[in-house]
Structures are given as structure tokens and as C-alpha cells.
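Chains, contacts and geometry: an overview
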Amino acid sequence: MNVSDAIRNRRSIRKYIDYKIPDEDIYKILEAGMMAPSAKNTRPWEFVVLKSDNAKNKAAQIHPFAKHLKEASIGILVCANIENELVRQMGYYPQDCGAAIQNMLLESLELGYGSCWCGLYPLEERVKDFKKEFSLETIPVALVVIGKAEDKPSARGYFEESKVKYL
Ligand SMILES: Cc1cc2nc3c(=O)[nH]c(=O)nc-3n(C[C@H](O)[C@H](O)[C@H](O)COP(=O)(O)O)c2cc1C
């Protein structure tokens, strides 16, 4: 699949079949995240891979809109480490993590998996709950759910001329 096709075919998947993603594919998905652009190349992201049923169920319990994680193969918490003063000063870490997340969604598709971006930051309560449950020192930005898709929603086109200005 080329990048253009991946971008146009990606959909959020919320139904998964029972399947265990092999570790080498998890590595590739994480690597794709870490290949994303980041402000001044600070790469402020950190990742917590939720593989066990226990970890997945805990996250699905806390997150009101990520119940599908229970049936998925893994969840990946994409977190921002803001210990670095430059990262804090610039304040670009949500975008940096967003770029990493999108890379992970596209890499998942390339590897034959479905995925779903489930938001955390900047919702204070949700961030607090995830920090507490998973003993995080970092800021959890999103929970990325990944697995073998059961449903295959069709691609949709979204080009909206009204959202573009040409100067
Ligand atoms: C910041 C962000 C937060 C999101 N949070 C959730 C979520 O909590 N649960 C969920 O099922 N989908 C979530 N989504 C997925 C969106 O609902 C989905 O991308 C949107 O409806 C468009 O559908 P598509 O991804 O299939 O194109 C989120 C997406 C983004 C970018």
C-alpha cells in the first residue's frame, strides 16, 4: 500500500477479531511513531504498550469511549515527556505526539491492522485518571487501539473546497 492509499483508506476501527499482534509488528508501529517530525527534533514522546488483558481492561474502564480496546490486540498510550525545558518552553509536544500517532495509524494499516485514536489530552480528568492508573510521570496524550479489524468501513472522501483559501 502506498502512502496516498493509506491516507485515503484509513478509518477508525471499533470492532476487532481475536488476534495477537506479533512483537515485530509492534516494534514497527512504535518505530513509525518515533520517525515522526517534532519541533527542534526534541522527540518528546514515550509509549506504554498495553498488552495484557488486565492492562487493556483497566484502560477501557477508565476511558469512556475506548471500550473496543478490550477486544483489540493492544493499546498504546502515547505520552509526552516534558522534563526537557525546551520542550516545555516551545509547547509543541501535543502536535509532536499527534504526528507520531498518525504515523502509527498509517503503519498499522500497512501491516494489515485496524486502529483507533482515542483522545486523552487536554481533558484534565482523563489525563489525571490515566496518570494515576498507569503510574505515569509523563502526560498521556492519546490511547491508540490496534488489532485485526472485524468491520471494514469504506473509505470516504472529505475534500471541502470551502475550507481552503488560495492566496
Ligand atoms: C483527538 C482525537 C480523539 C479521538 N477520540 C476518540 C475516542 O475517544 N473514541 C473513539 O472511538 N474515537 C475517537 N477518535 C476517532 C474519531 O472519532 C474519528 O477519527 C472520526 O470520527 C473520523 O472517522 P475516521 O477516523 O474513520 O475517518 C478520536 C480522534 C481524534 C483525532
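Residues numbered from 1 in each chain as written. Predicted model: local features only at pLDDT ≥ 70, side-chain atom pairs only at ≥ 80, totals over all residues.

Concerning the overall build of the chain
Basically, it comes down to this: Numbered from the N terminus, helices here are DSSP runs of H or I no shorter than four residues, and strands are runs of E no shorter than two. Radius of gyration here is computed from C-alpha atoms only, and the compact-globule reference equals 2.2 Å multiplied by the residue count raised to the power 0.38. Put simply, a residue is buried when 20 or more other C-beta atoms lie within 10 Å of its own C-beta and exposed when 12 or fewer do; between those, it is partly exposed, and each C-beta is set from the backbone. Throughout, a pair of residues is in contact if the C-beta atoms placed from their backbones lie within 7 Å.
Summing up its helical and strand segments, the chain has 6 helices and 5 strands in all. By the compact-globule yardstick of 15 Å for 167 residues, the chain fits well, its C-alpha radius of gyration being 16 Å. Looking at the chain residue by residue over its 167 residues, the buried ones come to 32%. A separation of at least 24 residues holds for 77% of the contacts in the chain among residues at least 6 apart in sequence.

Here we look at the environment of Pro37
Within the secondary structure, Pro37 is located in the loop between α2 (23-34) and β2 (45-50). The class of Pro37 is exposed, set by 11 C-beta atoms lying within 10 Å. Taking C-alpha positions, Pro37 is 26 Å from Glu124, a pair spaced 87 residues apart along the chain.

Some points on the site of the ligand
Threshold: Here, nearness is defined through the C-beta atom: a residue counts as near a molecule or strand if that backbone-placed atom lies within 6 Å of it. Amino acids outside the nonpolar list (Ala, Val, Leu, Ile, Met, Phe, Trp, Tyr, Cys, Pro) and the charged list (Asp, Glu, Lys, Arg) are all regarded as polar, and Gly is one of them.
Lining the immediate environment of the ligand, one finds Arg11, Ser12, Arg14, Phe65, Ala66, Cys116, Trp117, Cys118 and Gly119. Across the shell around the ligand, the residue classes tally to 5 nonpolar, 2 polar and 2 charged.

Here's the deal with unusual backbone geometry
Look at the link from Tyr121 to Pro122: it is a cis peptide, with omega at 10°. Turning to its location among the elements, Pro122 is positioned in the loop between β4 (114-119) and α6 (124-133). Of note, Asn41 is a non-glycine position whose phi angle comes to about 50°, a positive value. Following the sequence through the fold, Asn41 ends up in the loop between α2 and β2. Its identity is not glycine, yet Arg43 carries a phi of approximately 45°, on the positive side.

Some points on the pairing of strand β3 (residues 74-80)
What counts, and what does not: Strand pairing requires that DSSP identify at least two bridges connecting the strands.
In terms of burial, β3 is largely enclosed, as 7 of its 7 residues are buried. Burial along β3 is two-sided: the face carrying Ile74, Ile76, Val78 and Ala80 and the face carrying Gly75, Leu77 and Cys79 are both buried. For β2 and β3, the ladder comprises 6 bridges, and the chain directions are antiparallel. Each bridged residue has a counterpart across the sheet, and for Glu46 the counterpart in β3 is Cys79. Of the pairings in the sheet, the one linking β3 to strand β5 (residues 139-149) comprises 7 bridges and is antiparallel in character. Across the sheet, the residue bridging to Leu77 is Leu143, located in β5.

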